[in-house]
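Residues per chain, in single letters:
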Amino acid sequence: MEDLFQNQNFIVINKPCHLAVHQEENQISLTHTLAEQLGLERVWLLHRLDKATSGVLLLALNDQIASELAQQFSAKTMHKTYLAMSDAKPSKKQGWIKGGMKKSRRGV
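Not measured: the values here are computed from a predicted model.

Undergrad: Whenever I open this one, the packing of aromatic side chains confuses me. Can you help?
TA: Where two aromatic rings form a pair, the distance of their centres and the angle of their planes describe that pair. Under the definition given, this model contains one aromatic pair. Consider the rings of Phe5 and Phe10, whose centres lie 5.8 Å apart with planes at 40°: the pair is tilted. When its relative accessible area of 43% is taken as the criterion, Phe5 is described as partly exposed. When the ring centre of Phe73 is taken as origin, the NZ or CZ atom of Lys80, which lies over that ring, is 5.7 Å away.

Dropping the structure here:
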C-alpha cells in the first residue's frame, strides 16, 4: 500500500489488487493495518474497492472529518471516478461498457 497524500485530516492511498479493504477470516483489515502504521487508534474508510481491484482510496483520520466527507459523498458534492483498463474486450455476458469510450489506434 502506497501513501499518495496525507494531511492532518485524511490520507489517500494506492490500494494494490488482491488486498481486501474489510477484514477477512484470519487476516488483519486494511484499516487496522493502516491505523497501526500511522500510530493511530483508528482510520475511517470512506468508500471501498473490491479485493481484485487496485486504485486510490480516501480514508479519514478522525471521526469529524469522516462524517463531513461521508456527507459530501452522500450529497454528491464529491464524486468518484473509475477508469478501467484491460488488454482484452469483455464478453457480452460480463456486463456493459457505458460512457465515453474512445477507439484505440487500431480502431478496436
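Structure shown, so let's carry the discussion forward.
Undergrad: Where do I start with the side chain of His47 in this structure?
TA: With respect to the secondary-structure elements, His47 resides in the loop between β3 (44–45) and β4 (55–60). Beyond its immediate chain neighbours, meaning those up to four positions away, His47 contacts Val56, Leu57, Leu58, Phe73 and Lys80.

Undergrad: Hey, could you run me through helix α1 (residues 30–38) in this one?
TA: In an α-helix there are 3.6 residues to a turn, and that puts residues three or four apart on one side. The complete set of buried residues in α1 reads Leu30, Thr31, Leu34 and Ala35. Buried residues along α1 cover an arc of 125° about the axis, so they all sit on one side. Residues of α1 that are exposed and angled more than 90 degrees away from the buried face: Glu36 and Gln37. Contacts from the buried residues of α1 go to β1 (2–6), β2 (10–15), β3 and β4. The first or second residue beyond α1 is Gly39, which carries a positive phi of 70°.

Undergrad: Explain the confidence of the model for the protein chain to me, please; I cannot follow it from the model alone.
TA: Interpreting fine coordinate detail is not advised for predicted regions of low pLDDT. Across the protein chain, the average pLDDT comes to 85, with 83% of residues at or above 70. Considering each helix and strand of the protein chain separately, the mean pLDDT is smallest for α1, with a value of 93, and largest for β2, with 96.

Undergrad: How do you make sense of the pattern of salt bridges when you look at a structure like this?
TA: Any two side chains of opposite charge can pair, given that their charged atoms come close. Following the criterion strictly, the structure yields two salt bridges and no others. As a salt-bridge pair, Glu24 and Lys51 come within 2.9 Å of each other at their nearest N and O atoms. Here Glu24, found in the loop between β2 and α1, pairs with Lys51, found in the loop between β3 and β4; they are 27 residues apart in sequence, far enough to count as distant. We classify Lys51 as partly exposed; its relative accessible area is 37%. Note that Asp50 and Arg48 form a salt bridge whose closest N and O atoms lie 3.1 Å from each other. Residue Asp50 is classed as partly exposed on the basis of its relative accessible area, which comes to 43%. Overall, the relative accessible area of 45% leaves Arg48 in the partly exposed class.

Undergrad: I tried to follow the pairing of β1 on my own but got confused; where do I start?
TA: Along any regular strand, the residues point their side chains to alternate faces of the sheet. Two elements, β1 and β2, share four bridges in a ladder whose sense is antiparallel. In the sheet register, Gln6 faces β2, and the bridge partner there is Ile11. The hairpin turn running from β1 into β2, its antiparallel successor, is three residues long.

What counts and how
Residues numbered from 1 in each chain as written. Predicted model: local features only at pLDDT ≥ 70, side-chain atom pairs only at ≥ 80, totals over all residues. Heavy atoms only, no water. Phe/Tyr/Trp six-rings, centres within 6.5 Å; stacked < 30°, edge-to-face > 60°. Buried < 20%, exposed > 50% of the residue type's maximum accessible area, 1.4 Å probe, protein only. Lys NZ or Arg CZ within 6 Å of the ring centre and 35° of its normal. Helix = DSSP H or I, 4+ residues; strand = E, 2+ residues; numbered from the N terminus. Contact = heavy atoms within 4.5 Å. Arc of directions from axis to C-beta. pLDDT = per-residue confidence, 0-100. Salt bridge = Lys/Arg side-chain N within 4 Å of Asp/Glu carboxyl O. Pairing = 2+ DSSP bridges.

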